[in-house]
Amino acid sequence: MFIPKANRIAVFKYLFEEGCLVVKKDTVSPTHPKIEGATNLEVLMLVKSLESREYVRVTFSWQYSYVYLTPQGIDYLRLYLNLPEGIVPATHKKTEARAGGRDREEDGGKFGGGEGRAAFRGGGDREYRSRGRDGGGLGRGGGL
């Protein structure tokens, strides 16, 4: 299938920027929802071509193809789009640690108590629930 170079570049650029792509298996859709200018059929055919050369990994579920770039695909798109080595897809960027984060070990656990879940270790509201009752619950045979 002939795909105009502008559409091919638009699809490749989007795939390289994001590192992944979602394509619905719909051949009659006039446009792809995320890529401007390219039809859904063109995106499907480009993904098919990249998959046959093992530049992408495709997972298909519920009429949608989830496309992920492989390391060989990153190298190919970098060469095709003439991009420098420093630019990487969004899925390969490292996230920075929060500057205002706290050290969890100093706080004494999840809720700051250090004891853990007191209600499961004999504490908590068990004393409150048992106050004022002599014979247990009101269920079968335990009525007043």
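A quick note: this is a predicted structure, and the numbers were derived from the prediction, not measured.

**Focus: the overall build of the protein chain**
When helices and strands are tallied, the protein chain shows 5 helices and 3 strands. A burial count over the protein chain gives 24% of its 144 residues as buried. Long-range contacts, defined as pairs at least 24 residues apart, comprise 49% of the intrachain contacts of the protein chain with a sequence gap of at least 6. Carbon and sulfur atoms form 52% of the exposed surface of the protein chain, whose accessible area is close to 11,200 Å².

**What about a nonpolar patch on the surface?**
A contiguous nonpolar patch, built from Val 22, Tyr 64, Tyr 66 and Tyr 68 and spanning about 320 Å² of accessible area, is present on the exposed surface. Tracing the backbone through its elements, the reader meets Tyr 66 in strand β3 (residues 64–69).

**Concerning the environment of Lys 34**
With respect to the helices and strands, the residue Lys 34 is situated in the loop between β1 (20–24) and α2 (40–52). Lys 34 sits 11 residues away from Val 23 along the chain, and the two C-alpha atoms are 9.5 Å apart.

**Thoughts on the pattern of salt bridges**
For the structure shown, the criterion picks out 2 salt bridges. Asp 75 serves as the salt-bridge partner of Arg 78, at 3.9 Å between the closest nitrogen and oxygen. A residue pair is termed a helical-turn pair when its members lie 3 or 4 positions apart in one helix, as Arg 78 and Asp 75 do in helix α3 (residues 71–80) at 3 residues. Residue classification places Arg 78 among the buried positions, given a relative accessible area of 8%. Residue class for Asp 75 comes out partly exposed when judged on its relative accessible area of 48%. Arg 78 is the partner of Glu 85 in a salt bridge, and the nearest nitrogen-oxygen pair spans 3.7 Å.

Thresholds, definitions, all that
- Residues numbered from 1 in each chain as written.
- Predicted model: local features only at pLDDT ≥ 70, side-chain atom pairs only at ≥ 80, totals over all residues.
- Heavy atoms only, no water.
- Helix = DSSP H or I, 4+ residues; strand = E, 2+ residues; numbered from the N terminus.
- Buried < 20%, exposed > 50% of the residue type's maximum accessible area, 1.4 Å probe, protein only.
- Contact = heavy atoms within 4.5 Å.
- Areas by Shrake-Rupley, 256 points an atom, 1.4 Å probe, with all protein chains shown as cover.
- Patch = residues over 30% accessible without salt bridge, like charges linked within 9 Å, V, L, I, M, F, W, Y side chains within 5 Å.
- Salt bridge = Lys/Arg side-chain N within 4 Å of Asp/Glu carboxyl O.

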